[in-house]
Amino acid sequence: MTRPDLLALTPDALAALANRGLVKRAAKELDAGVVPALATDPAGAVQGEFPDGTTTTLPPNTALDAARCSCGATGVCRHRIAVVLAYQRTQEATAPTELWSPGVVTDDDLVALMGERTLRRARRAHQAGYRAKLRRPTAEDQTAQAELPTCTVTFLVPGDLSYVHTDAVNRDEALALAVWAFREADAQGTDTVDVGGSPTTATDLTAVTDLLDQLLLDGATNASEVLDVAWQRLHRDLTAQRLHWPAAVITDVLAQLTAYRGRSADYEAERFAALLTELHARTTAVGPRAEVLGPDEPAETPLRRVRLTALGARMRSESTMDVYFASGDVVLVQRDTALRTGQRLAASNVVSESATRSASRAVALKTSRVAKTSLTPVGTAWNDLPQALVVDDYEATAAHLAALPPRQVRARVEAELVRAVRITEVSGVAYDPAAQRLTATLHGPTGATCLLEATHRATAPHSLDALAAALRAGPTMITGSVRRHRGTLVVDPLAVRTEAGVVVLDVATGTTPQPLPPGSATADPLSAAVDSALTVLAEASHRGLDHLTGSLLARVREVGAHLRTAGLRTAAATVTAFAESPSAPTWLAANLRLLVTADAR
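**Student:** Would you mind going over the overall build of the chain with me for this structure?
**Tutor:** When you go through the chain residue by residue, the secondary structure sums to 19 helices and 27 strands. Structurally, the chain occupies a C-alpha span of about 90 × 60 × 50 Å along its principal axes. Long-range pairs, those at least 24 residues apart, make up 63% of the contacts in the chain between residues at least 6 apart in sequence. Accessible surface, the chain: about 27000 Å² in total, of which carbon and sulfur atoms supply 51%.

**Student:** What should I look at first to understand the nonpolar core in this one?
**Tutor:** One broad trend across soluble globular proteins is that nonpolar side chains are buried collectively. One finds Trp231, Leu563 and Trp587 to be the most contacted residues of the largest nonpolar core, which totals 58 residues. Elements that contribute at least two residues to this core include exactly α8 (206-222), α9 (225-240), α10 (244-261), α11 (269-284), α16 (525-543), α17 (550-565), α18 (569-580) and α19 (584-600). Tallying contributions element by element places α16 first for this core, with eight residues. Residues within four places of Trp231 in sequence aside, it is in contact with Val208, Leu211, Leu212, Leu215, Ile250, Leu254 and Leu279.

**Student:** So what exactly am I meant to see when it comes to the environment of Glu416 here?
**Tutor:** Locating Glu416 in the fold gives a position in the loop between α14 (394-402) and β21 (418-422). Linking Glu416 and Ala187, residues 229 residues apart in sequence, is a C-alpha distance of 27 Å. Residue contacts for Glu416: discarding those within four places in its chain leaves Arg361 and Arg410. A polar atom in the side chain of Glu416 sits 2.9 Å from the side chain of Arg410.

**Student:** Explanation requested: the packing of aromatic side chains in the structure shown.
**Tutor:** Remark: the centre distance and the inter-plane angle together describe each pair of aromatic rings, the angle taken between the planes. Under the criterion given, the structure shown has four aromatic pairs. A centroid spacing of 6.0 Å and a plane angle of 85° characterise the contact between Phe155 and Phe182, whose relative ring orientation is edge-to-face. In this pair, Phe155 is assigned in strand β7 (residues 152-155) and Phe182 in helix α7 (residues 171-188), connecting sequence segments 27 residues apart. Summarising the burial analysis for this pair, Phe155 and Phe182 share the class buried. Site record: aromatic cluster; members linked through ring pairs are Trp100, Phe155 and Phe182.

**Student:** Honestly, the side chain of Glu291 in this entry has me stumped. Any pointers?
**Tutor:** Considering the arrangement of structural elements, one finds Glu291 in helix α12 (residues 289-292). On the basis of relative accessibility, which here comes to 9%, the residue Glu291 falls in the buried class. Reaching out from Glu291, the side chain makes a polar contact with the side chain of Arg131 at a distance of 3.1 Å. Excluding residues that lie within four positions of it along the chain, Glu291 makes contacts with Arg131, Trp245, Arg282, Pro405, Val409, Arg410 and Ala411.

**Student:** Just checking my understanding: could you explain unusual backbone geometry for this structure?
**Tutor:** Glycine aside, the phi torsion of most residues is negative, and most peptide linkages are trans. The residue Arg263 is not glycine, and still its phi comes out positive at about 55°. Residue position: Arg263 is located in the loop between α10 and α11. Although it is not a glycine, Asp336 adopts a positive phi angle of roughly 50°. Positionally, Asp336 belongs in strand β15 (residues 330-338).

**Student:** Explain the pattern of salt bridges to me, please; I cannot follow it from the model alone.
**Tutor:** Two side chains of opposite charge can pair, provided their charged atoms sit close to one another. Tallying each qualifying case throughout the model produces 37 salt bridges. In this structure, Arg123 and Glu116 form a salt bridge, with 2.8 Å as the shortest nitrogen-oxygen distance. Since its relative accessible area comes to 32%, Glu116 is described here as partly exposed. For Arg131, the salt bridge goes to Glu291, with nearest N and O atoms at 3.1 Å.

**Student:** Explain the confidence of the model for the chain to me, please; I cannot follow it from the model alone.
**Tutor:** Predicted coordinates in regions of low pLDDT should not be interpreted in detail. Of all residues in the chain, 96% attain a pLDDT of 70 or more, and the chain-wide mean is 89. Within the chain, no element has a lower average pLDDT than strand β10 (residues 199-200), which sits at 50, and none a higher one than β21, at 97.

**Student:** I keep staring at the pairing of strand β16 (residues 348-352) and nothing clicks. Help me out?
**Tutor:** Among the five residues that make up β16, four are buried, leaving the element largely enclosed by the rest of the structure. Here four bridges tie strand β13 (residues 306-315) to β16, and the two strands are oriented antiparallel to one another. By the bridge assignment, Thr309 is partnered in β16 with Asn349. Pairing of β16 with strand β19 (residues 373-377) involves five bridges; the strand directions are antiparallel.

**Student:** Would you explain α16 in this entry?
**Tutor:** At 3.6 residues per turn, the α-helix brings residues three or four places apart onto the same side. An ideal rise of 1.5 Å per residue puts 27 Å on 19 residues; α16 measures up with 27 Å between its terminal C-alpha atoms. All of the buried residues in α16 are Ser527, Ala529, Val530, Ala533, Leu534, Val536, Leu537, Ala538, Glu539, Ala540, Ser541 and His542. Looking one or two residues beyond α16, the residue adopting positive phi is Gly544, at roughly 105°.

**Student:** Sorry if this is basic, but what is going on with the environment of Thr284 here?
**Tutor:** Along the chain, Thr284 turns up in helix α11. For Thr284, a relative accessible area of 46% translates into the label partly exposed. Here the side chain of Thr284 touches His280 through a polar contact of 2.8 Å, landing on its backbone oxygen.

**Student:** Explain the sheet that holds strand β4 (residues 68-69) here, please?
**Tutor:** Backbone hydrogen bonds hold the strands of a sheet together, and the pairing may be parallel or antiparallel. Pairing is antiparallel in the open sheet, where four strands are placed in the order β1-β2-β3-β4. The sheet is open, and its two edges are formed by β1 (37-40) and β4, each paired on a single side. The sheet contact formed by strand β3 (residues 55-58) and β4 spans two bridges and is antiparallel. Residue Thr57 lies in a different strand from β4, and its bridge partner there is Arg68. Contacting β1, β2 (46-49), β3 and β4, helix α4 (residues 78-90) runs over the sheet at an angle of about 65° to β3.

Reading the values: rules and limits
Each chain carries its own residue numbering, running from 1 in the written order of its sequence. Where totals are concerned, whole chains, interfaces and linings use all residues; where local detail is concerned, this predicted model gives features only for residues with pLDDT of at least 70, and gives and counts side-chain atom pairs only at 80 or more. Heavy atoms throughout the structure, all of them, feed into the side-chain values; hydrogens and water do not. The helix count covers DSSP runs of H or I at least four residues long, the strand count covers runs of E at least two residues long, and both are numbered beginning at the N terminus. Between two residues, a contact is recorded if the distance between any of their heavy atoms is within 4.5 Å. The Shrake-Rupley method, run with a 1.4 Å probe sphere, supplies the accessible areas, and residue values consider only the shown protein chains as cover. Here, nonpolar core refers to any group of buried Ala, Val, Leu, Ile, Met, Phe, Trp, Tyr and Cys residues whose side-chain atoms link them within 4.5 Å. For each residue, the accessible area found with a 1.4 Å probe, counting protein chains only, is set against the maximum for its type, and the residue is called buried under 20%, exposed over 50%, and partly exposed in between. A 3.5 Å cut-off defines polar contacts: any pair of N or O atoms within that distance qualifies, except that in protein one atom must be a possible hydrogen donor and the other a possible acceptor, and neighbouring residues in sequence count only when both atoms are side-chain atoms. Pairs were defined over the aromatic rings of Phe, Tyr and Trp, the Trp ring being its six-membered one, requiring ring centres within 6.5 Å. Orientation was assigned from the angle between planes: stacked under 30 degrees, edge-to-face over 60, tilted for the rest. Definition used for salt bridges: Asp or Glu carboxyl oxygen within 4 Å of a side-chain nitrogen of Lys or Arg. Predictor confidence is given residue by residue as pLDDT, running from a minimum of 0 to a maximum of 100. Between any two strands, at least two bridges found by DSSP are needed for them to pair. One fewer than the residue count of a helix, multiplied by 1.5 Å, yields its expected span. Geometry is summarised by axes, namely lines fitted to C-alpha atoms with helices restricted to the contacting stretch, and by angles between N-to-C directions that run from 0 to 180 degrees.

In structure tokens, the structure reads:
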């Protein structure tokens with residue numbers, strides 16, 4: 001009797017069930033001749049007896065961690081993995097004649113697996129609605145995967161729910177939500193799907209609109225701290241309703257006001273204006289609830305056991321940083337990490353049994369006496385990153401970015417566009433002293449090129465020198481956030497991998513000044529017109545619409561004329577409308593148009 005489930009377990013699938021180190025060790029021992037003697041009973045159970053007397057039995061319809069092994073290890077041990085690998089070496093794997101979809105799993109199958117009570121809990125989440133991004137099986141990779149708002153579910157073996165991997169504590173509920181997502185996607189013929197729920201509008205968010213109008217009239221310079229109490233109360237109400245995205249915007253708005261009152265450099269007028277505009281967009285847009293307002297999920301979800309690969313870090317202040325991790329097909333970020341902790345995490349593989357993940361993909365790593373967090377050097381782990389996070393085709397990635405909805409109304413997730421960019425050559429390295437910006441041209445495996453841009457920041461004074469040195473050392477991969485500018489992919493780097501290892505730019509030490517040829521940015525009339533208009537409108541929201549001066553309105557008219565000359569007639573019309581009739585609605589319409597235009601350049 002052949003065991004197709006064991007034949008379907010790829011090294012990546014085994015690594016998901018255990019870890020890559022155990023898989024490599026088991027394979028190495030098999031290659032060295034430590035091969036178990038295999039036997040299969042009539043029921044289909046595969047038994048392996050090792051030379052040292054250890055016996056492992058893999059019954060059918062049983063998860064690998066529930067199989068019996070006399071070594072006494074809990075979970076998936078190297079003996080279980082070795083028996084799978086040895087069995088695969090004795091059998092000839094055949095490609096499936098038809099690719100399987102988890103959508104064919106029926107609700108009766110789910111009830112038999114998890115019980116009606118657990119399925120009822122999953123149905124409540126389904127009724128609230130959620131968005132899922134799916135990866136379907138291929139002839140080369142038979143695994144199917146669903147990225148849910150707070151976890152990722154991977155079906156490792158076609159048709160066998162015993163081999164489902166997820167980092168969620170509530171495994172069965174996540175499995176049901178993933179099955180329903182595939183079922184809906186199969187019906188629609190798409191790979192990104194909104195499941196359950198219904199389109200929603202902001203009819204219940206009038207309180208947001210009232211406070212937003214008042215803040216725009218007052219501006220940051222005149223906003224009363226008394227009004228902050230109303231904002232905080234509204235934030236609590238939105239959080240209680242699980243409207244995570246508007247609540248997150250309010251948190252950022254209050255942080256900007258606090259920074260301004262404290263005369264902190266963290267306050268940015270254009271950032272403040274963009275947040276007000278995003279809040280308006282989310283409270284007026286019609287669309288899937290999970291995308292516009294946030295999934296109906298808890299603010300934080302505990303993870304059972306999570307394996308993370310660090311992708312670098314970004315300094316936020318002299319004492320804190322954000323650390324970015326690959327977790328399956330998504331990128332998570334730990335915000336405001338203490339400097340010493342961040343320096344250890346930023347180039348490490350992390351295994352944690354005490355972590356939480358938010359709907360916005362922020363992760364919090366904790367330690368306790370019961371559940372530990374372990375770190376190992378990142379080493380060659382970037383070689384094994386999921387393909388969804390690796391950019392090989394620059395042009396395809398730029399086209400994907402162009403097709404995304406405006407960021408003001410799409411899911412407000414952290415590190416949404418952090419990727420690992422594979423490179424074959426670097427050319428045109430230059431430094432613009434006026435803009436304090438280092439640029440370079442990256443050449444990809446397909447022959448296409450993209451632009452690398454890194455700007456000096458006071459919180460990381462040595463990062464540009466570290467980047468210049470790494471670019472001269474023959475880099476093979478660069479991690480960073482990607483964006484699109486006039487059809488070209490642009491990378492803002494976090495870390496660089498060279499033959500010597502991974503260099504995390506913001507925490508690099510021992511750097512020396514690197515001589516670089518001078519360079520300067522090419523003038524872009526469209527970008528200059530949009531940027532000037534955004535700056536003027538940001539000044540209006542900074543001062544407050546009740547406190548505008550004639551000279552500022554004259555500048556608004558001037559930038560409107562520049563937009564028209566540059567060919568951006570719709571943007572020009574909205575800006576001119578605000579100049580002729582200054583009000584919260586006309587300002588919001590103009591600034592939203594400009595922000596969307598800026599992102600689409």
